[in-house]
Amino acid sequence: MKIIAGNWKMNGNPSELAEMLQGLGALDTENRVILCVPYTMLRAGNNIVMLGSQNVSKYDSGAHTGDISAKMVSKSGATVTLVGHSECRTELHDTNADVAERAARALENDLLPIICVGETAPERDAGLTEKIVETGVRESVPKNAANGGFIIAYEPRWAIGAGITPTYDQIQQVHNLIRKTLDEMGFADTPILYGASVTEQNAAEIMSIKNVDGVLVGGASLKKETFVPIINSVK
Ligand code: PGA
């Protein structure tokens, strides 16, 4: 069983989502499928798909115009949220501490947080990948987290949407580091996803790497024709 999570980013519309849910609902799969969609499309998922948001506020409620709380997401029927996605870290200037706050609110409101960590191109070029990833995990997981109660996604930020991926050895090295870090933190049962330029061509091979428990898929999750083969590429 693998976890296949889609991230629609700022794309799609309710009728495209309805069509996707109908298609995925008919799949015969043991894999856990998650789809993180824009807030305006949130609702309950179906027998196959858990729906989620792409972020939640650090705050519970109040004067935060434009923000959406974890409670609001939870009340929509959705059950998951991304936090700390690369694009949020860049555009909202989220630090690891901010991400931990968001994840804490998610957990308080019964949402499963997918906590994203990863290095930028300059960090990679400076040889900082392991340091950034390990610190990202240690600082972005909130204090109220329980073993197995959240998911980590490793997303090399330079590879997102770029059509390139690290070598499988590099993915393996980083996932081993994350697994060791989570073990040390007492979170041995936490699934670790790989994300960045996952396609139907590379999904099965990436998910065959040790300590890769699934994938987080951006562009290829937008259409059934490209998302379903990824879900069906593994048992
Ligand atoms: P991508 O995006 O698959 O289009 O590279 C991944 C992500 O941002 O989650």
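Bear in mind that the values here come from a model prediction, so they are computed numbers and not experimental data.

### Some words on the site of the ligand
- Around the ligand, the neighbouring residues are Asn7, Lys9, His85, Glu155, Ile160, Gly161, Ala196, Ser197, Leu216, Val217, Gly218 and Gly219.
- Interatomic distance of 2.7 Å between a side-chain N/O atom of His85 and an oxygen atom of the ligand.
- Between an oxygen atom of the ligand and a main-chain N or O atom of Gly218, the distance comes to 2.8 Å.
- Considered class by class, the residues forming the shell around the ligand number 4 nonpolar, 6 polar and 2 charged.

### Quick notes on the layout of surface pockets
- The computed volume of the largest pocket comes to approximately 540 Å³.
- For the largest pocket, the lining is made up of 21 residues, of which Tyr39, Gln54, Asn55, Cys88 and Glu91 are closest to its centre.
- Its residues assigned to classes, the lining of the largest pocket comprises 9 nonpolar, 7 polar and 5 charged.

### Observations concerning unusual backbone geometry
- With a phi close to 55°, His93 is a non-glycine residue in the positive phi region.
- Note that His93 resides in the loop between α3 (86–91) and α4 (96–108).
- If you check the backbone angles, Asp110 has positive phi at about 60° while not being a glycine.
- Here Asp110 lies in the loop between α4 and β5 (112–117).

Calculation criteria
Residues numbered from 1 in each chain as written. Predicted model: local features only at pLDDT ≥ 70, side-chain atom pairs only at ≥ 80, totals over all residues. Heavy atoms only, no water. Near = heavy atom within 4 Å. Polar contact = N/O pair within 3.5 Å; in protein donor to acceptor, adjacent residues only side chain to side chain. Nonpolar A, V, L, I, M, F, W, Y, C, P; charged D, E, K, R; others polar. 1 Å grid on protein atoms, 1.4 Å probe; cavity = no way out; pocket = protein on both sides within 12 Å on 5 of 7 lines; lining within 4 Å. Points joined across faces, edges and corners; volume = space filled by probe spheres on them. Helix = DSSP H or I, 4+ residues; strand = E, 2+ residues; numbered from the N terminus.

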